[in-house]
Amino acid sequence: MERVLVNPKHLLILLTLIIFNVNLTGQDVKQIDNFIKKKKVITFDLLYSKDSIPNNLNVSIIGILKSQKDQQIIIPADLLAKYFISNDVKVTPAGKVMLLNRQLIKKDTAFITFQFAGDLSISKIFAIPINYKGNLILNYSGKNGLNGNHGENGKPGIISGSRSIEPGRGGDGENGQDGGSASQYHFYFSAFASLDNDQKQLIKIIVHDKHNIAIDSMKMDANSSQLFIVLNGGNGGNGGNGGDGGNGSDGDRHYTPSYGQFGAFGGRGGNGGNGGNGGQAILYFNRETSSILDRITVIENGGKEGHRGNQGKMGARGINYFLGKESDDARTIRNMHSDMPNLNGIDGQVGLNGQETKIIYFDN
């Protein structure tokens, strides 16, 4: 992988060109695809404005694909997700990127890996400076439960001479997993003394787990940033559907009465998982940091319930033959069965909302 430090002079030139570029339409998408098809892309660049990059990287980025002969084509922000892949950021449909892993930030710089979707071997690491002026989202929600697997379909029945094998019952769907409950977290806010004059008004946030052990830290702008603390319970997984019952075999076609098999019952649907409970935030402020309290939103909702799985369909009854022909009412009775029991699963339960947020003031 190649580490790239973006040259500010190149940014100014290229961004100026982009400002005067017309908005791309569907025809331009075709032009980009045609460029990729006919030119061998060997590298790319990503362009952004340093002043507009907040803590969560919620900023538009423009791409440039380059070919062997140094030909290039611009990829607008709203097409970024179509042509580039990254496990480090989430790319929105509008072309904004949001940082997924704050551990990638080293000395106020985020090191983000991007790959060209047309050839994953073409990859670069971009060093993007952070200015901490954007909205900060701290998400310590419980994990979502996994969905249950669907049951397998039952095998059809067999009638062959004196040999008769009953059709197989559909397999049961698995239960969905319960969503994880969010825990209790402690958030300590303190003024941060920075040597950088552009970042002198920062607040440092140190996060402790329920045992009051430090697990994370980050910074936000003291005057403009909004902070969202999300401690939702995880959603319950959906129950798997039951497999369909096997179809009954047709009766043998010969000159004696012969009756088809009844179809087998479908499998039981799995139960939905329960939603996890919301957590609790405990916020610690001193006199220097309490002014940001009205810019903090804490969300502690219970997780959604998992939906039940449906029972599998009952297998069709085999055809009833009599004297080499289908009997008069066979078409009616072949799909008539004894009452099928209710084998649907049960929906999970919604998780409980988290406990009320606590605010604690302390002296410096």
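This structure is a prediction, so every number in the text was calculated from the model and none was measured.

Novice: Honestly, the sheet that holds strand S15 (residues 184-192) in this entry has me stumped. Any pointers?
Specialist: Remark on secondary structure: sheet strands pair via backbone hydrogen bonds, oriented parallel or antiparallel. The mixed open sheet is built from five strands, whose spatial order is S17-S16-S15-S19-S23. Looking at which strands have only one partner, the edges of the open sheet turn out to be strand S17 (214-221) and strand S23 (358-361). Pairwise comparison of adjacent strand axes, ignoring direction, gives a mean angle of 20° for this sheet. As paired strands, S15 and strand S19 (residues 280-285) are joined by five bridges and run parallel to one another.

Novice: What is the right way to look at the pattern of salt bridges in this model?
Specialist: Tallied over the full model, the rule gives three salt bridges. A salt bridge links Asp 45 to Lys 66; the shortest N-O distance between them is 2.8 Å. Within this pair, whereas Asp 45 is found in strand S2 (residues 41-47), its partner Lys 66 is found in strand S4 (residues 62-67), the two being separated by 21 residues in sequence. Taken individually, Asp 45 and Lys 66 each receive the classification buried, so the pair is uniform in this respect. Of the charged contacts in the structure, one is a salt bridge between Asp 172 and Arg 169, with a shortest N-O distance of 3.0 Å. On the basis of relative accessibility, which here comes to 42%, the residue Asp 172 falls in the partly exposed class. By relative accessible area, which is 42% here, Arg 169 ends up partly exposed.

Novice: Got a minute to help me understand unusual backbone geometry in this structure?
Specialist: Most peptide bonds adopt trans geometry, and most residues besides glycine take a negative phi value. We note that Asn 212 has phi near 65°; this positive angle belongs to a residue other than glycine. With respect to the element layout, Asn 212 can be found in the loop between strand S16 (202-208) and S17. Overall, Asn 212 belongs to the partly exposed group, its relative accessible area being 37%.

Novice: It is not clear to me how a positive patch on the surface should be interpreted in this structure. Could you clarify?
Specialist: Side chains of Lys 37, Lys 38, Lys 39 and Lys 69 sit close together on the surface and give a patch of like positive charge. With respect to the helices and strands, Lys 37 occurs in helix H2 (residues 26-38).

Novice: Whenever I open this one, the confidence of the model for the protein chain confuses me. Can you help?
Specialist: Regions with low pLDDT should not have their predicted coordinates read in detail. Scored by pLDDT, the protein chain has a mean of 81; 80% of the residues are at 70 or more. S19 holds the highest mean pLDDT among the elements of the protein chain, 96, whereas helix H1 (residues 8-19) holds the lowest, 37. Across residues 1-27, where pLDDT falls below 50, the model places 34 contacts with residues more than four positions away in sequence or in other chains.

Novice: Explain the nonpolar core to me, please; I cannot follow it from the model alone.
Specialist: Side chains of a nonpolar character, in soluble globular proteins, are inclined to be buried together. The biggest cluster of nonpolar side chains holds 29 residues, and the ones touching the most others in it are Phe 44, Leu 46, Leu 65, Ile 75, Phe 84, Ile 112 and Phe 114. Mapped by element, the contributors of at least two residues to this core are H2, S2, strand S5 (72-75), helix H3 (80-83), strand S8 (96-99), strand S10 (109-116) and strand S11 (119-129). When residues in this core are grouped by element, the largest group, four residues, is from S10. Apart from the residues lying within four places of it in its own chain, the contact partners of Ile 75 are Ile 32, Ile 62, Gly 63, Leu 65, Leu 80, Tyr 83 and Phe 84.

Novice: Would you mind showing me how to read the packing of aromatic side chains here?
Specialist: Given two aromatic rings, their pairing is described by the distance between the two centres and the angle made by the two planes. Using the criterion set out here, one finds eight aromatic pairs in the structure. Aromatic side chains Phe 44 and Phe 126 sit 6.0 Å apart centroid to centroid with 35° between the ring planes, which places their arrangement in the tilted category. Note that Phe 44 is positioned in strand S2 and Phe 126 in strand S11, a separation of 82 residues in sequence. Accessibility expressed as a relative area gives 0% for Phe 44, which makes it buried. Centre to centre, the rings of Tyr 188 and Tyr 284 are 4.1 Å apart; their planes meet at 10°, and the pair counts as stacked. Note that Tyr 188 is positioned in strand S15 and Tyr 284 in strand S19, a separation of 96 residues in sequence. The exposure class of Tyr 188 is partly exposed, given its relative accessible area of 22%. Taken together through their ring pairs, the aromatic side chains of Phe 44, Phe 84, Phe 114 and Phe 126 make up a single cluster. The aromatic ring of Phe 44 is capped on one face by Lys 124, whose charged end is 5.7 Å from the ring centroid. Residue placement shows Arg 317 over the ring face of Phe 262; its charged tip is 4.2 Å from the ring centre.

Criteria and cut-off values
- Residues numbered from 1 in each chain as written.
- Predicted model: local features only at pLDDT ≥ 70, side-chain atom pairs only at ≥ 80, totals over all residues.
- Heavy atoms only, no water.
- Pairing = 2+ DSSP bridges.
- Helix = DSSP H or I, 4+ residues; strand = E, 2+ residues; numbered from the N terminus.
- Axes fitted to C-alpha atoms, helices over the stretch in contact; angles between N-to-C directions.
- Salt bridge = Lys/Arg side-chain N within 4 Å of Asp/Glu carboxyl O.
- Buried < 20%, exposed > 50% of the residue type's maximum accessible area, 1.4 Å probe, protein only.
- Patch = residues over 30% accessible without salt bridge, like charges linked within 9 Å, V, L, I, M, F, W, Y side chains within 5 Å.
- Areas by Shrake-Rupley, 256 points an atom, 1.4 Å probe, with all protein chains shown as cover.
- Lys, Arg positive; Asp, Glu negative; His and termini not counted.
- Charge placed at Lys NZ, Arg CZ, Asp CG, Glu CD.
- pLDDT = per-residue confidence, 0-100.
- Contact = heavy atoms within 4.5 Å.
- Core = buried A, V, L, I, M, F, W, Y, C linked by side-chain atoms within 4.5 Å.
- Phe/Tyr/Trp six-rings, centres within 6.5 Å; stacked < 30°, edge-to-face > 60°.
- Lys NZ or Arg CZ within 6 Å of the ring centre and 35° of its normal.

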